[in-house]
Number of protein chains: 2
Amino acid sequence: MDPFIRALIAVVGAERVLSDPADMAPYLTDWRGRYRGVARAVVCPESTGEVAAVVRLCAGHEVPIVPQGGNTGLCGGATPGADGEAIVLALGRLNRIRDIDADNNTIVVEAGCTLAAVQTAAVEAGRLFPLSLASEGSCTIGGNLSTNAGGVQVLRYGNTRELVLGLEAVLPDGRVWDGLRGLRKDNTGYDLKQLFIGAEGTLGVITAAVLKLYPAIHQRATAWVAVPDPVSAVHMLGLMRRHCGDRVTAFEIVGRSALDLVLAHIPGSRDPLLGRPEWSVLIELSDPAESADTRTLLEAALSHAVDEGLACDAVVANSLAQASALWALRENISEAQRLEGVSIKHDVSVPVSRIPDFLDRARQRLTQMWPDIRIVAFGHIGDGNLHYNLSKQAAEANAAFVGRTSEANRIVHDLVASLGGSISAEHGLGQLKRDEILRYKPAVEMELMRSIKRTLDPQGLMNPGKVLDVTVRAGRANEKI
Amino acid sequence: MDPFIRALIAVVGAERVLSDPADMAPYLTDWRGRYRGVARAVVCPESTGEVAAVVRLCAGHEVPIVPQGGNTGLCGGATPGADGEAIVLALGRLNRIRDIDADNNTIVVEAGCTLAAVQTAAVEAGRLFPLSLASEGSCTIGGNLSTNAGGVQVLRYGNTRELVLGLEAVLPDGRVWDGLRGLRKDNTGYDLKQLFIGAEGTLGVITAAVLKLYPAIHQRATAWVAVPDPVSAVHMLGLMRRHCGDRVTAFEIVGRSALDLVLAHIPGSRDPLLGRPEWSVLIELSDPAESADTRTLLEAALSHAVDEGLACDAVVANSLAQASALWALRENISEAQRLEGVSIKHDVSVPVSRIPDFLDRARQRLTQMWPDIRIVAFGHIGDGNLHYNLSKQAAEANAAFVGRTSEANRIVHDLVASLGGSISAEHGLGQLKRDEILRYKPAVEMELMRSIKRTLDPQGLMNPGKVLDVTVRAGRANEKI
């Protein structure tokens, strides 16, 4: 037996080192089937101590490490490359809720807990952990932290980064950094946790975190609103905030074509409004105050919106079932797209004030190139973040079209950059956008990133080929500039 | 003339290089008069370009740089050391508001803007910039960013770190990093701004920032509440949140001795309640919603608090003047202490749930050592952050007592650490706590900090002797472990 494999088995036990191809297969591909890799083994530690021992072993044998949580990522960040040298470090067994402190509004969780498990633990303690994503039943909090996941409640609660008070991480040399503090104020040096958050596993392995809890929500109101155009949607958000303050929790724009795909593919879907408006907005207010009347507040605000010409029509959910049905329309867009066929996808953000500009100019430039293009646009307009997906209706034409992904990216990403935006708002860089980002990041910024990478991971073993390309391995100084 | 001085003058002009001792004097001491340093010159650039040129010059001549904003810091972080080698880089002239985008809720400011100027610009745009400190008329936003300033509204809006979307900084080699993005979602690599925020000028010079704006506040309600004990205060905060949700904006505990000092020294101060309660809490609710009735909400919540035995007595302000008078009691504590005499000061945080523990045990241990000790405790109990200041009432005894600062620190800081807290909640490390922190930070964390410092600032020219002690100068490798 390979001595390295034997050493791994000595740390975690034989059942938790997978080397049989059939056992490894699910870990070697991303969930969309877009990336497929090869690994030396899949290792499944159960504790921070085991993670540290495995990492130390890998450092000693110069074996690269690909950390993996729920394997729900969208950029191939948790899939190994083709050279088969790495292990996949599957963290799903680090799944203990270590502590909940309701008075301090903190919860200490291990990286392998699913997001749903963390949400449930919060509810059971009479609190709320507000991170909410479509994949929450499978994705792990370690993955959420490593990708700085967003979701539908960023408008009110911020990204994952804003929800973290402390981290525990295993460094690339196997040492454990215990930074698990649950303090809201602590100015005693550099905020090191911020490096690991959003680093997509390239600087170390996150093993646990202290997360913030919020007051439990007792009142929600949901509405589906037709707006004349995206400019009105942006202004309606301002109006909502003036009238409803912090209660505005979600504000999602849904383009006509996105809704039509859902109506076509998802059984039981119903168009909430007549008139087939070109643009709709799904709004949700929520309130921890037990005495709140969010429905009345929402109706009053929508009334103002109509008076000011920002909204044409609206329906306010009058039951949980109706609210769920409205949310389902938004949440099923991805599935509806999948059933329709392939498309060229973008996850971009621009300043909220530039969203209408982006939508106008992108359509102009794309239809100039492809007059029969279908644009499916939807997303977190309140954060300036749009999912912007391109396809053609006819299957054969679509097959040819998706071969022109780089041309489409050039148009969309150049426009986003010119508007001061980001080419990856939520999903990270992974493998998918590692090279694309070089077109848009200032050189000094890439250099700072590389210098930090080299400092924390001098052997270059942590998730190589993801986020940035700095290949420095002992004995093979293959450094890219 | 010294060629280095001549070169500085060539960059910024003669009137903005101060080398006359009388001109330099105000820059060479902190505002409390605790630290006094020597500098080669005080340099006052007016633009990012000038800052970059000055830094480049210093890098070439191996001259250390001490960045300084409003010089309101409390840890000597902006005061040069005694060797006279450094320049003070006074940033007050970088004071332009570069842009306001109300729809995107962002403002772009230069580092030398006073906090008050930023707040005013936000109000004029119909928004709120919620960072609020006692020193806001003088402190600069660059200083707030470099120290990750807190203040009284952290409970609702977070620290400075949570208020920043983008940064512009001059790196130690003089290159400018333009990271001025106004995006709420951007996952395209490491979040580099997080390194500079809270780094107290040791990694580079912050020259501009994109800050978040919030909905303008239209309703406030303020109350002064007597509580039976600190445990009740912590539970009352929970109650406030359940009833008032996000409206809870400030929650400040004031101990009897702190209030008595204000009543003794500050003309016009009046005790808001009868009975001389041992502990009081100043609560503020605020609401952007124009239709809100925060006063009724606060009164209802306080009524519940009384019913549950969490509050004994309360007065709710019924006018702006009355609200200001209540706030003045809290805000004047520092001045009252100053007028009373010297004290041994602590700025600590523990998890909110451990505050009562801390207060009990600290008092126990300190009175064991000094039976006649006077403890002045007050602060941001909602964040777990207390100002905890020790003195003796008799002047002569006090003079002897303050000589025993390290013994007092040992007791207080050891206790804070054992409760999972921080020895510097708000004020940073500067010079004051640079060595003290070594007792409480894990070695691996100090090492990570040093490696980052060495990577970004290999010449060791940025604010040496502050935050951490890594003295590596070209030709004088004097590295501390």
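What counts as what
Residues numbered from 1 in each chain as written. Chains lettered and ligands numbered in written order. Predicted model: local features only at pLDDT ≥ 70, side-chain atom pairs only at ≥ 80, totals over all residues. Heavy atoms only, no water. UniProt positions renumbered as here; feature names shortened; annotations may be inferred. Helix = DSSP H or I, 4+ residues; strand = E, 2+ residues; numbered from the N terminus. Rg over C-alpha atoms; globule rule 2.2 N^0.38 Å. Buried < 20%, exposed > 50% of the residue type's maximum accessible area, 1.4 Å probe, protein only. Areas by Shrake-Rupley, 256 points an atom, 1.4 Å probe, with all protein chains shown as cover. Lys, Arg positive; Asp, Glu negative; His and termini not counted. Charge placed at Lys NZ, Arg CZ, Asp CG, Glu CD. Contact = heavy atoms within 4.5 Å. Buried area = accessible area lost by both parts, 1.4 Å probe. Salt bridge = Lys/Arg side-chain N within 4 Å of Asp/Glu carboxyl O. Polar contact = N/O pair within 3.5 Å; in protein donor to acceptor, adjacent residues only side chain to side chain. Nonpolar A, V, L, I, M, F, W, Y, C, P; charged D, E, K, R; others polar. Pairing = 2+ DSSP bridges. Axes fitted to C-alpha atoms, helices over the stretch in contact; angles between N-to-C directions. Phe/Tyr/Trp six-rings, centres within 6.5 Å; stacked < 30°, edge-to-face > 60°. Domains from an automatic or database assignment. Least-squares fit on C-alpha atoms with pLDDT ≥ 70 in both.

Labelled according to an unreviewed UniProt entry, chain A appears under the name Hydroxyacid dehydrogenase, originating from Thauera humireducens. Here chain A is described in UniProt, under the heading Sequence similarities (unreviewed entry), as follows: "Belongs to the FAD-binding oxidoreductase/transferase type 4 family." Note on chain A: under the UniProt heading Cofactor (unreviewed entry), the record states "FAD".

A.B. asks: Describe the overall build of chain A, with residues and values.
C.D. replies: When you go through chain A residue by residue, the secondary structure sums to 16 helices and 20 strands. Whereas a compact globule of 481 residues would reach a radius of gyration of roughly 23 Å, chain A reaches 23 Å, a difference of no more than 12%. Considered along the principal axes of its C-alpha atoms, chain A spans approximately 70 × 55 × 45 Å. Going through the 481 residues of chain A one by one, you find that 61% of them count as buried. Carbon together with sulfur atoms contributes 51% to the accessible area of chain A, which is approximately 17400 Å² in total. Charge centroids of chain A, computed over 49 positive and 56 negative side chains, lie 4 Å from each other.

A.B. asks: Run through the interface of chain A and chain B, naming residues and quoting values.
C.D. replies: Each partner contributes to the interface: chain A provides 81 residues, whereas chain B provides 80 residues. In total, about 6700 Å² of surface goes out of reach between chain A and chain B, with carbon and sulfur atoms giving 54% of it. Considering only the surface of chain A that becomes buried against chain B, Lys185(A), Asn187(A) and Tyr190(A) emerge as the three largest contributors, covering 16% of it. Applying the counting criterion to the chain A and chain B interface returns 14 salt bridges. Here Arg161(A) makes a salt bridge to Asp191(B), at a shortest N to O gap of 3.1 Å. Remark: the boundary between chain A and chain B carries 48 residue pairs in polar contact (both at pLDDT 80 or more). If you list the elements that add at least two residues to the side of chain A that touches chain B, you get α6 (154-157), β9 (176-179), α7 (193-196), α8 (230-244) and α16 (443-456) of chain A. It is α16(A) that contributes the most residues to the side of chain A that touches chain B, ten residues altogether. Residue classes in the side of chain A that touches chain B are distributed as 30 nonpolar, 28 polar and 23 charged.

A.B. asks: Residues and numbers for the sheet that holds strand β2 (residues 41-43) of chain A, please.
C.D. replies: All names here are of chain A. Spatial ordering of the open sheet is given by β1-β2-β4-β3, a layout of four strands whose pairing is mixed. Only two strands of the sheet have a single partner each, and these edge strands are β1 (17-18) and β3 (65-68). Relative to strand β4 (residues 87-90), β2 runs parallel, the two sharing three bridges. Of the residues in β4, the one forming a bridge with Ala41 is Ile87. Helix α3 (residues 48-61) rests against β2, β3 and β4 of the sheet, and its axis sits at about 170° to β4.

A.B. asks: Just give me the short version of the packing of aromatic side chains, but keep the residues and values in it.
C.D. replies: Residues and elements named next belong to chain A. Counted by the stated rule, this structure contains eight aromatic pairs over all chains. Both rings, one in Trp370 and one in Phe401, keep their centres 5.1 Å apart while their planes meet at 85°; by these two values the pair is edge-to-face. Note that Trp370 is positioned in the loop between α13 (355-369) and β17 (373-379) and Phe401 in helix α14 (residues 395-402), a separation of 31 residues in sequence. The two residues Trp370 and Phe401 agree in class, both being buried.

A.B. asks: Summarise the domain arrangement of chain A; cite the residues concerned and give the values.
C.D. replies: Residue and element names in this part refer to chain A. Domains assigned within chain A are domain 1 (97-215), domain 2 (219-330) and domain 3 (341-418). One C-alpha centre belongs to domain 2, the other to domain 3, and the line joining them spans 24 Å. With 15 residues of domain 2 in contact, the opposing surface of domain 3 contributes 14 residues. Overall, the association of domain 2 and domain 3 removes approximately 1200 Å² of surface from exposure, summing both partners, and the carbon and sulfur fraction of that is 72%.

A.B. asks: So what's going on with the pairing of strand β6 (residues 106-110) of chain A? Residues and values would help.
C.D. replies: All names here are of chain A. With five of five residues buried, β6 lies mostly within the body of the structure. Neither face of β6 is open: one carries Thr106, Val108 and Glu110, the other Ile107 and Val109, and all of them are buried. Adjacent in sequence and paired antiparallel, strand β5 (residues 97-101) and β6 are bridged by four residues, among which Asn105 carries a positive phi angle near 55°. As paired strands, β6 and strand β10 (residues 205-212) are joined by five bridges and run antiparallel to one another. Along β10, the bridge assignment pairs Val109 with Ala209.

A.B. asks: Could you give an account of the relation of the copies chain A and chain B, with specific residues and numbers?
C.D. replies: Structural alignment of chain A on chain B gives an RMSD of 0.0 Å, achieved by rotating through 180° and translating 0.0 Å along the axis. When the rotation and shift are considered jointly, the pair of chain copies conforms to a two-fold rotation axis. Scanning chain A for the C-alpha nearest the rotation axis identifies Gln194(A), at a separation of 3.1 Å. A share of 99% of interface residues in chain A that are also interface residues in chain B marks the association as one of identical surfaces.

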